[in-house]
Amino acid sequence: MSTVEIIKRCEELYEDTYFTAAREWKAADPSRRVIGYMPVYVPREIMHAGGMMSLGILGGGDKLEVIHGDAYYQSYICRIPRSTIELGKTGRLDFVDGMLFPSICDVIRNLSGMWKLMFPDNYVRYFDVPQNYKDDIGGNYYIAELQELREGLEKLSGNKITDEAIRNSIKVYNLNRKLIRELYDLRAEMPQNVPSNDVYLLNRAGMVIPVEDHNSMLRKYMDAAKALDNPIRDNCRIIINGSFCEQPPLNLIRSIELAGCYIVDDDYMLVNRWLLGEVPTSGDPLVNLANAFLHESADSAAKYCDHHEDVGMYLLSTVKERQAEGVIFAAPSFCDPALLERPMLTDRMREHDIPHISFKYAENSGQMQPIREQAGTFADSIKLWS
Amino acid sequence: MSTKIETPTDSHGSSEIQEPQKDSSMLMQKEMINSNYDALTNTANNGKKVCSTFVPGNLNELIQSFGLLNNLPETNAIQNAMRQQSGGMIQTAERQGHSEDVCTYVKADIGMMSKGNIAPNGKPMPNPDLLLLSYTGCFTFMKWFELLRQEYKCETVMLQVPYQGDGEITQNMRDFVVKQLKEEVIPALERVSGNAFDIDKLRENMRRSAQAEDDLVWVLESAKNKPTPIDAYFGAIYYLGPIFTAFRGTQQAVDYYRVLRQEIEQRVKNGQGPITPGGEMTKERYRLVMEGPPNWTNFREFWKMFYEEGAVVVASTYTKVGGVYDQGFRHDADNPLESLADYCLGCYTNRNLPKRVDMLEKYVKDYEADGLLINSIKSCNSFSAGQLMMMQEIEKRTGAPGAFVETDLVDPRYFSAANVKNRLESYFQMIEQRRQGNMIASAR
Ligand code: SF4
Ligand code: SF4
């Protein structure tokens, strides 16, 4: 299968706001359950171990017409909660048995309660995570939260979620994370063969199809991409930061590349890359997931940084590792976590003479011209001064 | 007895409204607030250490047990807003690269630093010795203190208070908070203050807290009377000053709330309405429940739009962000750390949305309110995200009409007096029409 064919399939999945693939998966067996989740991170292994499919909900994108959702939010609140409500209110999520709302910001947090009121028959859980990274403090708290999640899902599905099943699911997701890491490495290595459009769509596909299918899709794509021989352009290498929750329209990502930037890392859909290493597959699986979360996970504005010296260091190390020449801070309008953190990150970049620009977007932004111009000027200035 | 409406220092702040006369409680409160600022700006002489912390879920009893002074950045932001200083400070922060989209408390605070960190008494504020980030009910706090830490480079300790996602406090949440208190917060307070933790001191403080809380609840619930002797939003913000800030757990707070209660008891006995900046309200026309924080830059103008129409707030949720006492919680000296955990976990914005709606419904019913009014704050997702749904739910459950106004906390650019006034006027008309409709219906 060619990369074009694979990406075509991803695009269909991306555009399908009725989630047909997940519906079909569920319909194949009446005992199956689907659990929706929002950004940034949930331990999908636990759902998987219970025979459930986890479905990443990343808002409605730029194609979904939001009618009901707007009645729930003031103009100064970001777009993702309103388009998510739209998905719910229009029956697009009527096959979803439960929803997880990770602890990332007050908007998603409050949305969890709204969901409880709107869909009283759903299993709705606010998924809290520790901001204290010590094993016996935050770790113990988190393990107990994972256990509560496990029990809630057992009740919902009627299936016992055994340690053994979680260990097996960890294996499957370890592979998924490994493949995604490879994909990111491959893009950084040969961005001419692996455009960000493709990387993004492949990541998105992972939100809505079974992980096993995603794994084989990733493998096939990479095999095909490696064989390509596209000419390398004189683009500059940049990293996108701040887009971890509400997603930009695909056109925005394409526009950045068209403007002369190769995106060599990003924070879209961090759930695919949140845990950075292999999670051990022996021993207590909840302890292993907790350890990975506490000690080997990605950074984002949804996290508290214990020491000032560490603020922005993750981004800085990514810049170095990916040999990036600049950073584009692209955050959704009204996104408190991203926008509050941004000045600290830009300070860190300034300290290390890393060129950067900032802008805001909304998932339904239509006008790409200003962004293309801004990114284009940025790319030119990097080329000129490097 | 006479009254001056002076300087509230509430859940998130304080104000200055001039009136010709003063109640004893008002005088006491003013003195207390001033004394705290004087102590804060005199650390060079009094040798005291300063702990900066937030209002919701603050650990005042614990902080005081170590002899530290308590400085609350939200309160400073409000003080500055009342003095028409915050607008400039916010713009200074925006020029430094802070987004126009984020909470204006943060920017007012950062702008205040850039302008020399002058306290409301005109003297420079000392740098904090400890940033105690006890973040309850709002994620912004977390990034706010990361930003302050960058500036002050002082010791910082975080107390994470889990959110009541399912509307209840679980043992896991409580254990987590207690463990952090024992292993993170208390050791940091010991290090900074140089004093060992003394549980008996903490217990004493907590005992005094509970006493003051009893009287405060009595005062807030006096609004069930008709007419209500207090305004439970604009007026109550003044009453909450001591207990939400540096005085919970002190004898001063106990005395203040005793005196306040006596004053209100007297008002109830006399059948008097609340005191407003326009004098005593003699005709109560509309009884409202209020959701959301107030606007501080135009506090007085905002309040006037209510009392001029005979509208009074009989219950509000904002007055519960620094502790929900009217639903039974009291600081418990017999279980000090667990009780501090429950206090933090129970603050209003740490309750899930269904619980917040239940609370509003109860207020509308128990206080026999004519409706629910929401002041939606641009800055504050913690409050604002979901308020439109809350309004719909309350209308559905109680039949009382809801209305929505939009302002900001401390950013004057988002207060449009004409707009707010229009909305309020139509709302009061709507209540009137509803009443007439009800009268006609019951006459039939
Ligand atoms: S886009 Fe930002 S503010 Fe909006 S829900 Fe996501 S994290 Fe929260
Ligand atoms: S977002 Fe709201 S609760 Fe949080 S600091 Fe700002 S005003 Fe306070």
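All values reported here derive from a predicted model rather than from experimental measurement.

Novice: Would you mind showing me how to read the overall build of chain A here?
Specialist: Each helix and strand in chain A was counted, giving 14 helices and eight strands. Its C-alpha atoms give chain A a radius of gyration of 20 Å, within 12% of the compact-globule value 21 Å for 386 residues. The 386 residues of chain A split such that 64% are buried. Restricting to contacts in chain A with at least 6 residues of sequence separation, those with at least 24 account for 75%. When the accessible area of chain A is evaluated, it comes to approximately 13900 Å², of which 51% is carbon and sulfur surface. Side-chain charges of chain A comprise 42 positive and 56 negative groups, with the mean position of each set lying 2 Å from the other.

Novice: Which parts of the structure should I look at to understand the sheet that holds strand S4 (residues 155-160) of chain B?
Specialist: Each strand in a sheet pairs with another by means of backbone hydrogen bonds, the pair being arranged parallel or else antiparallel. Residues and elements named next belong to chain B. The sheet built from four strands is open, its strands ordered S2-S1-S3-S4 with parallel pairing. At either end of the open sheet lies a strand with only one pairing partner, and these are strand S2 (69-71) and S4. Taken over all neighbouring pairs, the strand axes of this sheet differ in orientation by 25° on average, direction set aside. As defined by bridge partners, strand S1 (residues 50-53) adjoins S2 across three bridges and the pair is classed as parallel. Within S2, the residue paired with Val50 across the bridge is Leu69. The strands touched by helix H1 (residues 24-40) within the sheet are S1 and S2, with S2 carrying the most contacts at an inclination of about 105°.

Novice: Could you clarify how one ought to interpret the packing of helix H7 (residues 163-189) of chain A against helix H11 (residues 285-295) of chain A in this entry?
Specialist: Describing two packed helices takes the angle between their axes plus the distance from one axis to the other. Residues and elements named next belong to chain A. Two elements in contact, H7 and H11, have axes separated by 9 Å at closest approach and are oriented at 40°. Taken together, H7 and H11 sit at an angle that is classed as oblique. Residues Asp163, Ile166, Arg167 and Ile170 of H7 lie in contact with H11, whose contacting residues are Pro285, Leu286 and Leu289. A breakdown of the residues in the contact of H7 with H11 according to their chemical character gives five nonpolar, no polar and two charged.

Novice: Looking at this structure, how should I read the packing of aromatic side chains?
Specialist: Centre-to-centre distance and the angle between the planes together describe a pair of aromatic rings. Residue and element names in this part refer to chain B. What the rule picks out here adds up to 41 aromatic pairs over all chains. Taking the centre distance of 6.0 Å and the plane angle of 20° together, the rings of Phe66 and Phe197 count as stacked. Here the residue Phe66 occupies a position in the loop between helix H3 (60-65) and S2, and Phe197 occupies one in the loop between helix H8 (171-193) and helix H9 (199-221), the gap between them amounting to 131 residues. A residue is classified by how much of its surface remains accessible, and Phe66, at 2% relative accessible area, is buried. We classify Phe197 as partly exposed; its relative accessible area is 26%. Here Tyr238 and Trp303 contribute two aromatic rings whose centre-to-centre distance is 6.3 Å and whose plane-to-plane angle is 40°, an arrangement assigned as tilted. Of this pair, Tyr238 sits in helix H10 (residues 236-244) while Trp303 sits in helix H12 (residues 299-307), and the two are 65 residues apart along the sequence. The exposure classification of Tyr238 matches that of Trp303, with both residues buried. Lying across the ring of Tyr367, Lys224 places its NZ or CZ 5.2 Å from the centre.

Novice: Is there a simple way to think about the environment of B:Leu148 in this case?
Specialist: Residue and element names in this part refer to chain B. Mapped onto the elements of the fold, Leu148 is located in helix H7 (residues 140-152). Residue classification places Leu148 among the buried residues on the basis of a relative accessible area of 2%. Sequence separation of Leu148 and Phe404 is 256 residues, and the distance between their C-alpha atoms is 34 Å. Residues contacting Leu148, with those up to four places away along its chain left out, are Asp109, Met113, Leu131 and Lys153.

Novice: Can you walk me through the confidence of the model for chain B in this structure?
Specialist: The predicted coordinates should not be examined in detail at positions where pLDDT is low. All names here are of chain B. Looking at chain B as a whole, its pLDDT mean stands at 93, while 95% of the residues score no less than 70. Scored below 50 in pLDDT, residues 1-20 shows 106 contacts in the model against residues more than four places distant or in partner chains. Predicted as a complex, the structure gets a pTM of 0.96 and an ipTM equal to 0.97.

Novice: Help me understand the pattern of salt bridges in this model?
Specialist: For side chains bearing opposite charge, pairing can occur when the charged atoms are close. Residue and element names in this part refer to chain A. Taken as a whole and judged by the stated rule, the model has 62 salt bridges over all chains. Across the salt bridge formed by Lys8 and Glu12, the nearest N and O atoms sit 3.6 Å from each other. Here Glu12 and Lys8 lie together in helix H1 (residues 3-15), a separation of four residues that amounts to about one turn. Residue class for Lys8 comes out exposed when judged on its relative accessible area of 51%. With a shortest N-O distance of 3.7 Å, Lys383 and Glu325 are connected by a salt bridge. Within this pair, whereas Lys383 is found in helix H14 (residues 369-385), its partner Glu325 is found in the loop between helix H12 (313-321) and strand S7 (326-332), the two being separated by 58 residues in sequence. The partly exposed category is assigned to Lys383, whose relative accessible area is 29%.

Cut-offs applied
Residues numbered from 1 in each chain as written. Chains lettered and ligands numbered in written order. Predicted model: local features only at pLDDT ≥ 70, side-chain atom pairs only at ≥ 80, totals over all residues. Heavy atoms only, no water. Helix = DSSP H or I, 4+ residues; strand = E, 2+ residues; numbered from the N terminus. Rg over C-alpha atoms; globule rule 2.2 N^0.38 Å. Buried < 20%, exposed > 50% of the residue type's maximum accessible area, 1.4 Å probe, protein only. Contact = heavy atoms within 4.5 Å. Areas by Shrake-Rupley, 256 points an atom, 1.4 Å probe, with all protein chains shown as cover. Lys, Arg positive; Asp, Glu negative; His and termini not counted. Charge placed at Lys NZ, Arg CZ, Asp CG, Glu CD. Pairing = 2+ DSSP bridges. Axes fitted to C-alpha atoms, helices over the stretch in contact; angles between N-to-C directions. Parallel < 35°, antiparallel > 145°, perpendicular 65-115°, else oblique. Nonpolar A, V, L, I, M, F, W, Y, C, P; charged D, E, K, R; others polar. Phe/Tyr/Trp six-rings, centres within 6.5 Å; stacked < 30°, edge-to-face > 60°. Lys NZ or Arg CZ within 6 Å of the ring centre and 35° of its normal. pLDDT = per-residue confidence, 0-100. Salt bridge = Lys/Arg side-chain N within 4 Å of Asp/Glu carboxyl O.

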